[in-house]
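Each chain, written out:
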There are 2 protein chains.
Amino acid sequence: MLERVIKHRRLLERGEDLFRQGERFRYVYAIKSGSLKTYTAANQKTVQVTGFHLPGELLALDAVGAGAYLYSARALQTASVCEFPFDRLEELGALARGIQRQLLRIMGGQIQHELSMHMLHCKTDAPARVATFLVNLSMRLAERGLSRAQFRLSMSREDIGNYLGLAKETVIRVLAEFEHRRLISVSGKSLRIHDVYRLESLAGLHAAIT
Amino acid sequence: MLERVIKHRRLLERGEDLFRQGERFRYVYAIKSGSLKTYTAANQKTVQVTGFHLPGELLALDAVGAGAYLYSARALQTASVCEFPFDRLEELGALARGIQRQLLRIMGGQIQHELSMHMLHCKTDAPARVATFLVNLSMRLAERGLSRAQFRLSMSREDIGNYLGLAKETVIRVLAEFEHRRLISVSGKSLRIHDVYRLESLAGLHAAIT
DNA sequence: CGCGTACTTGATCATACTCAATGCACGTGG
DNA sequence: CCACGTGCATTGAGTATGATCAAGTACGCG
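About the cut-offs
- Residues numbered from 1 in each chain as written.
- Chains lettered and ligands numbered in written order.
- Predicted model: local features only at pLDDT ≥ 70, side-chain atom pairs only at ≥ 80, totals over all residues.
- Heavy atoms only, no water.
- Near = heavy atom within 4 Å.
- Polar contact = N/O pair within 3.5 Å; in protein donor to acceptor, adjacent residues only side chain to side chain.
- Helix = DSSP H or I, 4+ residues; strand = E, 2+ residues; numbered from the N terminus.
- Nonpolar A, V, L, I, M, F, W, Y, C, P; charged D, E, K, R; others polar.
- Least-squares fit on C-alpha atoms with pLDDT ≥ 70 in both.
- Contact = heavy atoms within 4.5 Å.
- Pairing = 2+ DSSP bridges.
- Axes fitted to C-alpha atoms, helices over the stretch in contact; angles between N-to-C directions.
- Salt bridge = Lys/Arg side-chain N within 4 Å of Asp/Glu carboxyl O.
- Buried < 20%, exposed > 50% of the residue type's maximum accessible area, 1.4 Å probe, protein only.
- Buried area = accessible area lost by both parts, 1.4 Å probe.

*Asks:* Help me understand the protein's contact with DNA strand D in this model?
*Replies:* With respect to spatial proximity, 15 residues lie near DNA strand D, and among them A:Ile172, A:Arg173, B:Ala126, B:Glu169 and B:Thr170 are the closest. If you look at DNA strand D and keep only atoms within 4 Å of the protein, 58% of those are sugar or phosphate atoms. One of the backbone nitrogen or oxygen atoms of B:Ala126 is found 2.6 Å away from a phosphate oxygen of DNA strand D. B:Glu169 is positioned with one of its side-chain polar atoms (N or O) 3.0 Å from a base nitrogen of DNA strand D. Only helix H5 (168-180) of chain A together with helix H3 (126-143) and helix H5 (168-180) of chain B provide two or more residues apiece to the surface near DNA strand D. Across the surface near DNA strand D, the residue classes tally to five nonpolar, three polar and seven charged.

What follows is the structure, encoded as structure tokens:
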């Protein structure tokens, strides 16, 4: 059904921008392989990473309202995406009410996600943030049928820090601490989760057993 | 047009809940007067304020996807709201495509807002957060035709702190510091902004003139 | 007017930031 | 093949910012 409106596939090299903040909103993207980060430049010198996006996820739906992309998107590694011209989607939507509904549902989900990020940043200390980040990543990968226990951190420590509102050194130290406590193993970009439950506890998802 | 589906008006006392997290999603609300806070209880003991909502704004649209309210909403003062039964809205939407479009636009706007909150929490220190909070509040009031320079902080210092991820003492001290620097005047719940521009600078909205 | 809730203020302490130096891996060119 | 450069990761030391704890005060409301 949605396949009807696919315009074409696009390939990205590591470091290449899929779209840039402020450009006219034309396409919604579905990520086929690889991963991307989204980021904005609020003031000249500061860059803020707003999210990481994995295969199977949709990108840029939230530009609907604004008519322009709200942030830039850059490939963290070689990636392939599908472009959906949004005006076509809308035409289709006029016919198929089910799709409109689904759009609303997806957008609701995005808001929910942003809300959970908000909660993440408010209450918690560095270990809780990193733990939440890892658990979240693990869950999203599992949703796509990939391993929830072992995966690659395709983004740099600096990006993680920027995303979580922590210095990169803090990210490193927290990861080291987690490894020392045998919650995870890290080696460069590859990561293995040994104890999801305690990680979730640290993230503040359970009652509070430190 | 939307007026057609208004079911009825509802009045709330200070401290009364409009709806609770987890309840089945039935109504979208438009705030007529007063103000509300939204909050969740992630784990048993911790409450997290997720937002403040002013007259003229819509509430609970993001529950569309989930089918249940994602958070609770409580009146900060005597308030009146209008209930819109959402299933009716959807019927209407099937007929009037313009409304669907508008829904999407509004939801896009919400995502944008959440995104800006994300940015707020990541980079910045306590003064920047409080400054952003004040500027944001001021703008939202101005959008509704109210004074952007002088207004009431209908929420407690503790709520502000919880929302911004700061201790209430820090909120108080930062406000005092701002007053000392003649950026604002505070007295209890009433607040006056003297120098929006410098406040915005602190918020990191300009290049960076401290 | 009295009670309670919210607000304010001060002192101490911990966490995470900053700065600086070093290590490590990759790719490039001699 | 090895020397070198670049970028990212790591580690350490010192510091500052904001949290916590503990009083004390003002304000709103019955």
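There's more to say after this.
*Asks:* Please clarify how the relation of the copies chain B and chain A should be interpreted in this entry.
*Replies:* Taken together, a rotation about one axis and a shift along it account for how the two chain copies relate. In screw terms, the move from chain B to chain A is a rotation of 180° and a rise of 0.0 Å along the axis, fitting with an RMSD of 0.0 Å. Those values place the two copies in the arrangement expected of a two-fold rotation axis. Interface overlap between copies is the fraction of interface residues in one copy that are interface residues in the other; for chain B against chain A it reaches 100%, indicating a shared surface.

*Asks:* Looking at this structure, I do not really get the sheet that holds strand E7 (residues 72-75) of chain A. What am I missing?
*Replies:* Across a sheet, strands are paired by hydrogen bonds formed along the backbone, either parallel or antiparallel in direction. Residues and elements named next belong to chain A. Pairing in this open sheet of four strands is antiparallel, and the strands run E2-E7-E4-E5 from one edge to the other. Single-partner strands in this sheet number two, and they are strand E2 (17-19) and strand E5 (48-53). Looking at each pair of strands side by side, their axes are set apart by 30° on average, direction ignored. One ladder, built from four bridges, connects strand E4 (residues 36-40) with E7; its direction is antiparallel. Looking across to E7, one finds that Leu36 is bridged to Ala75. Each of E4 and E5 touches helix H4 (residues 157-164); the most contacted strand, E5, lies at about 110° to it.

*Asks:* How should I be thinking about the pattern of salt bridges in this particular structure?
*Replies:* Side chains carrying opposite charge are able to pair once their charged atoms draw close together. Residue and element names in this part refer to chain A. With the rule as written, the count across this model stands at 14 salt bridges over all chains. We note a salt bridge from Arg10 to Glu83, for which the minimum N-O separation is 3.6 Å. A residue pair is termed long-range when its members are at least 10 positions apart, and Arg10 in strand E1 (residues 9-12) and Glu83 in strand E8 (residues 79-85) qualify at 73 residues. A relative accessible area of 4% means that Glu83 is categorised as buried. Taking the shortest distance from any N to any O, the salt bridge between Glu57 and Arg140 comes out at 2.9 Å. In this pair, Glu57 sits in the loop between E5 and strand E6 (58-59) while Arg140 sits in helix H3 (residues 126-143), placing the two residues 83 residues apart along the sequence. In this pair, the class of Glu57 matches that of Arg140, namely buried. Here the salt bridges do not stand alone but share partners, grouping Asp17, Arg20 and Arg74 into one network.

*Asks:* Mind showing me how you'd approach the interface of chain B and chain A here?
*Replies:* Many analyses report the size of an interface as the accessible area lost when the parts associate. In this assembly, 43 residues from chain B lie in contact with 43 residues from chain A. Interface of chain B and chain A: buried area, both sides summed, is about 4,000 Å²; carbon and sulfur atoms make up 66% of it. Looking at the side of chain B facing chain A, the largest losses of area belong to B:Leu104, B:Ile111 and B:His118, adding up to 17% of the total buried there. In this assembly, chain B and chain A are joined by zero salt bridges. Here chain B and chain A share two residue pairs in polar contact (both at pLDDT 80 or more) between them. Elements with a contribution of two residues or more to the side of chain B that touches chain A: strand E5 (48-53), helix H1 (86-95), helix H2 (97-123) and helix H4 (157-164) of chain B.

Geometric descriptors of this kind do not, in isolation, establish any biological role.
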